[in-house]
Structures are given as C-alpha cells and as structure tokens.
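As a plain string of letters, each chain reads:
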Amino acid sequence: MLVALLTYLLLSGSGAGPTIENLKDAEKAVQEIVADEANRDAAVETIREMADIVRDYNKSKTDTFVQFEKASRSYETTPADLHAIVVPEREKVLELQDRILKLHSELKTHLTED
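Student: Explain the pattern of salt bridges to me, please; I cannot follow it from the model alone.
Tutor: This model, assessed by the stated rule, comprises five salt bridges. The salt bridge involving R48 is made with E27; its shortest N-O contact spans 2.6 Å. Taken together, the residues span a long stretch of sequence, with R48 in helix α3 (residues 37–73) and E27 in helix α2 (residues 20–33) at a distance of 21 residues. With a relative accessible area of 45%, R48 lands in the partly exposed category. In this structure, R55 and D52 form a salt bridge, with 3.3 Å as the shortest nitrogen-oxygen distance. Residue R55 and its partner D52 are located together in helix α3, separated by three residues, close to a single helical turn.

And the structure:
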C-alpha cells in the first residue's frame, strides 16, 4: 500500500515526473508511516536524492529556455542553432529520468508491506 501511495505521489502531477511538492509529500508519508528507523532513513535519503535531481533539472531547464528564447528572437538564428540548444536538453532529460527510475526502484527496497 505504501509503495502504491509513493508511486502515485511521485508520478502524479503534470505527467512530467516527480515534482518537489510530490517529493515533499512522499517524504512526509514515509516519515509518518515507516516504522523501521533504518528503512525510514534510507527511504528519506533516496527521496531527497530524487529532489536534488529535480531541482538541478528545473534550473537547467530554465537556463535552456532562456537560451532558446534569446536565440529564437534573433533573425540570425538557424534551425541548427536551435537544435543545438534543444538536443542536449533532451538527452539530459532521458538521463535524469533513468536516474529517477533507478532511485524509485531503490526506494521500494526500503519499504515493506508491514
């Protein structure tokens, strides 16, 4: 049940993955529900690592958007220039999604049905 709740909290929202708010809710749920201190601490640590990834991505996404907006306003900008801004961001998204999924699997190892 707890795993289902945490999965829902981590994946709900905009459909783009976990948000800082989802992760705060998940951490609160873990702290309230998980009785075993070692499992609780490990789960909270994993959730906080996920939050760090989300924060880093949000900052990177903002920086990329600023670059893209600036480039798209210039009449000198070519499609290749825009592509050069967007492609690394897409690759980063895939890498971060992979890291989040691995952490989600790790999180489940710290949670039991008890």
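There is more to say, and it comes next.
Student: How should the side chain of T64 be read in this particular structure?
Tutor: Among the structural elements, T64 can be located in helix α3. Relative accessible area serves as the criterion here: at 14%, T64 is assigned to the buried category. In this structure T64 touches I85 and E89, once residues within four positions along its chain are discounted.

Reading the values: the criteria
Residues numbered from 1 in each chain as written. Predicted model: local features only at pLDDT ≥ 70, side-chain atom pairs only at ≥ 80, totals over all residues. Heavy atoms only, no water. Salt bridge = Lys/Arg side-chain N within 4 Å of Asp/Glu carboxyl O. Helix = DSSP H or I, 4+ residues; strand = E, 2+ residues; numbered from the N terminus. Buried < 20%, exposed > 50% of the residue type's maximum accessible area, 1.4 Å probe, protein only. Contact = heavy atoms within 4.5 Å.

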